[in-house]
Amino acid sequence: MSYIVLARKYRPQTFEEIYAQEHITQIMHNSIISGRVSHAYLFTGPRGVGKTSMARILAKSLNCIHGPIPIPCNVCDNCHEITMGTSPDVIEIDGASNTGVDDIRDLQKELMYSASKSHYKIYIIDEVHMLSKNAFNALLKTLEEPPDNVIFIFATTEPQKVLPTIVSRCQRFDFRRIPIDAIVKRLQDLCGKENIDIDEDALFLIAKKADGGMRDALSLMDQVISFGTEHITIGLVRSIFGLLSDEVYDRMMGFINDHQADQMVCLLQQTMEEGNDIQEFITGFLDYTRLLLLIKLGIIPLDIPSNQIETRKNLASLFNEDTLLYIITLLLKLNQDLRISNNPLMVAEITMVKMTRISKIDDLKYSLAQLEQFKTVPLTQTAQAPRPTANYQKNPQQTTERTIQEQIVREVQSEIPKIEALTIDILNKHWNHIISLIKKEFMVSGEYLRQCKVQKVEKNIIYLITESDNLMKMSRDDKSVMENIISRQFNLHIELDIKQDTVEKEKVITNPTIQDVQKYNPNLAQFIEATDSFIDTEHSSHK
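On a predicted model such as this, the values are computed, not experimentally measured, just so you know.

Draft legend 1. Region of interest: the sheet that holds strand β5 (residues 171–174). Reading across the sheet, the 5 strands line up as β2-β3-β4-β1-β5 and stay open at both edges, with parallel pairing between neighbours. Pairing within the sheet leaves two strands with one partner each, and these edge strands are β2 (90–94) and β5. Going from strand to strand, the sheet's axes swing by 15 degrees on average, the running direction of each strand aside. Where strand β1 (residues 40–44) lies against strand β4 (residues 150–156), 5 bridges are found, and the strand directions are parallel. Its bridge partner lying in β4, Tyr 41 is registered against Ile 153. Contacting β1, β2, β3 (121–126) and β4, helix α3 (residues 51–63) crosses the sheet at an angle of about 180 degrees to β3.

In structure tokens form, the structure reads like this:
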């Protein structure tokens, strides 16, 4: 007899054998008992979590000779044929290879015939999202009002591609990813039945690599068993799937903590020379750092073996949350850069060096915090404050730069006098700086404001005059914003009063007449009359 893979050999045959889907199996169980069986079901979820198995079990429960019953006997001819996929009344259709409207029309013709020897005629359409839009539309009327004793069961990994009109005609059930501990428990049961000696850590690693899919876990288990050894260890599983030991990542985090860039790069090169894939290495490092961050937040992840939790806790205590977040950010970016780089190893080496320089982030954060403190000091106070006179270099070996900065900030803030009212002298002294601050946020408004003239300052109100019509329009739009910027700098409530200069300009007269000359220059008019002169209106103008 040919070998049957574990995924087929141990396929669930009852609702109780389906792992981690109790929210669905309980509903199915109760609906069969109460006789409230729907005419259409939609099973959605990731691959390998039991969608098709659930459909077959539901079909056996409904068409069992002793049924409908919630637990099929799995012995009668109907149950046996459904298990083997040869039942004439339970038709399984691959949606990927029957996508056209003609396939749906052929299916509709078959609906005219009743079940041959079962209670129901059941159609299981796998990967139903692959059907074309026309095929879906052809199925609508039949799906809403199917013939008696006809049941549709749809399964898909991409429910968003199924037409909403189809979904609304079905009972939808969303399957969950299977937890790691549930997969480990299932693998332990199977290993007991197959007389396989394997470490729990190795099962844990297989379950983790399966990523929530029981079928994937069984397929991986088949590979491990085929390796042919009496005792299966976690090291063997790592070598089969090309996975790195956590000890490599432990050393990496130690080099980051000790700022040993050379050691970290050497370890990376050694790992690559052993034939490991760099993408797999970075993915594993990213997942490892994620677990450390969760532990730092007080969360014990389920995908860490119990015998490794204490070690991870000790390692996580060496880093703060910001550092771990920064490492994760670097690894995420590296993961993207590796896909487009012609020299992935060089890109990875540079990232490793960056990680060992991570302590510079704390210094940068401190510097930014100090700048923020200086920003809160009013501008006029900073200008009037005397320079600190303390000698900070008496003992440079004991006085760090950070201590010096903190002492400067304390002395500056304590010795600078506060102002109660703004004067025109203070304003003029800092007017250019105020203009530059406004221009950073509002370039045009700041430039217009620069053209204004400060007329006076009274009761914290700045009176400005301008000849620009544009400034007058701007003042209506941005006046409050500029007031806030100026108020923040002087630590006072400042208002602006901007008025347009109404000084009348001299009127220019083109093509003047003798009457205009008499009005503006009587002497010139007398001279014109006495000399019998005339006004050249083409080449002259009078002001």
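Moving on from the model shown.
Draft legend 2. Seen up close, the sheet that holds strand β8 (residues 453–458). With respect to topology, 3 strands assemble into an open sheet ordered β8-β9-β10, the strand pairing being mixed. The outermost strands of the open sheet, each flanked by one partner alone, are β8 and β10 (495–500). The sheet shows a mean angle of 20 degrees between the axes of neighbouring strands, taken without regard to direction. Contacts from helix α21 (residues 424–441) reach β8 and β9 (461–466) within the one sheet, and its direction differs from that of β8 by about 140 degrees.

Draft legend 3. The pattern of salt bridges, seen in detail. A complete count under the given rule lists 14 salt bridges for this structure. For Glu 92, the salt bridge is made with Arg 56, and the minimal N-O distance between the two is 2.7 Å. Taken as a pair, Glu 92 in strand β2 and Arg 56 in helix α3 lie far apart in primary sequence, 36 residues in all. Under the relative-accessibility criterion, Glu 92 is labelled partly exposed at 36%. Residue Arg 290 pairs with Asp 287 through a salt bridge whose shortest N-O separation is 3.1 Å. With a gap of 3 residues between them, Arg 290 and Asp 287 both fall in helix α14 (residues 278–296), about one helical turn apart. Overall, Asp 287 belongs to the partly exposed group, its relative accessible area being 21%. In the salt-bridge network here, residues are joined through shared partners; they are Lys 208, Asp 287 and Arg 290.

Draft legend 4. Spotlight on the side chain of Thr 142. Structurally, Thr 142 is set in helix α6 (residues 133–144). By relative accessible area, Thr 142 is classed as buried at 14%. In this structure, Thr 142 is in contact with Gln 108, Leu 111 and Phe 152, ignoring residues within four places of it in sequence.

Draft legend 5. The arrangement of the pairing of β3 in detail. Most of β3 is tucked away: 5 of the 6 residues are buried. Of the strand pairs in this sheet, β2 and β3 are connected by 5 bridges, and their pairing is parallel. Note that in β3 the partner of Ile 91 across the bridge is Tyr 123. Between the parallel elements β2 and β3, the chain passes through helix α5 (residues 101–110) in a crossover that is right-handed. Pairing of β3 with β4 involves 6 bridges; the strand directions are parallel. From the neighbouring strand, Ile 122 faces β4, where its bridge partner is Ile 151. Each parallel crossover has a hand, and for β3 linked through α6 to β4 it is right-handed.

Draft legend 6. The confidence of the model for the protein, seen in detail. Taken as a whole, the protein shows an average pLDDT of 79; of its residues, 82% reach a score of 70 or greater. When the elements of the protein are averaged for pLDDT, helix α20 (residues 401–415) gives the smallest value, 45, and β1 the largest, 93. This model gives residues 379–401 a pLDDT under 50, and the stretch forms 29 contacts once residues within four places in sequence are excluded. Confidence drops under a pLDDT of 50 for residues 407–417, and excluding neighbours within four residues, the segment shows 20 contacts in the predicted structure.

Draft legend 7. Representation of the environment of Asn 74 within the structure. Secondary-structure assignment places Asn 74 in the loop between α3 and α4 (77–84). Note on Asn 74: relative accessible area 28%, which makes it partly exposed. Once you skip the residues sitting within four places of it in the chain, Asn 74 turns out to touch Gln 13, Thr 14, Lys 60, Cys 79 and Thr 83. For Asn 74, the side chain forms a polar contact with the main-chain oxygen of Gln 13, separated by 3.4 Å.

Draft legend 8. Region of the structure containing helix α9 (residues 200–210). Of the positions making up α9, those classed as buried are Ala 202, Leu 203, Phe 204, Leu 205, Ile 206, Ala 207 and Ala 210. Those residues of α9 that are buried lie in contact with α8 (180–194), β6 (197–198), α10 (214–226), β7 (231–232) and α11 (234–241). Following α9 by one or two positions, Asp 211 adopts a phi angle in the positive range, close to 55 degrees.

Cut-offs applied
- Residues numbered from 1 in each chain as written.
- Predicted model: local features only at pLDDT ≥ 70, side-chain atom pairs only at ≥ 80, totals over all residues.
- Heavy atoms only, no water.
- Pairing = 2+ DSSP bridges.
- Helix = DSSP H or I, 4+ residues; strand = E, 2+ residues; numbered from the N terminus.
- Axes fitted to C-alpha atoms, helices over the stretch in contact; angles between N-to-C directions.
- Contact = heavy atoms within 4.5 Å.
- Salt bridge = Lys/Arg side-chain N within 4 Å of Asp/Glu carboxyl O.
- Buried < 20%, exposed > 50% of the residue type's maximum accessible area, 1.4 Å probe, protein only.
- Right-handed = clockwise from strand over helix to strand, strands pointing away.
- pLDDT = per-residue confidence, 0-100.
- Polar contact = N/O pair within 3.5 Å; in protein donor to acceptor, adjacent residues only side chain to side chain.

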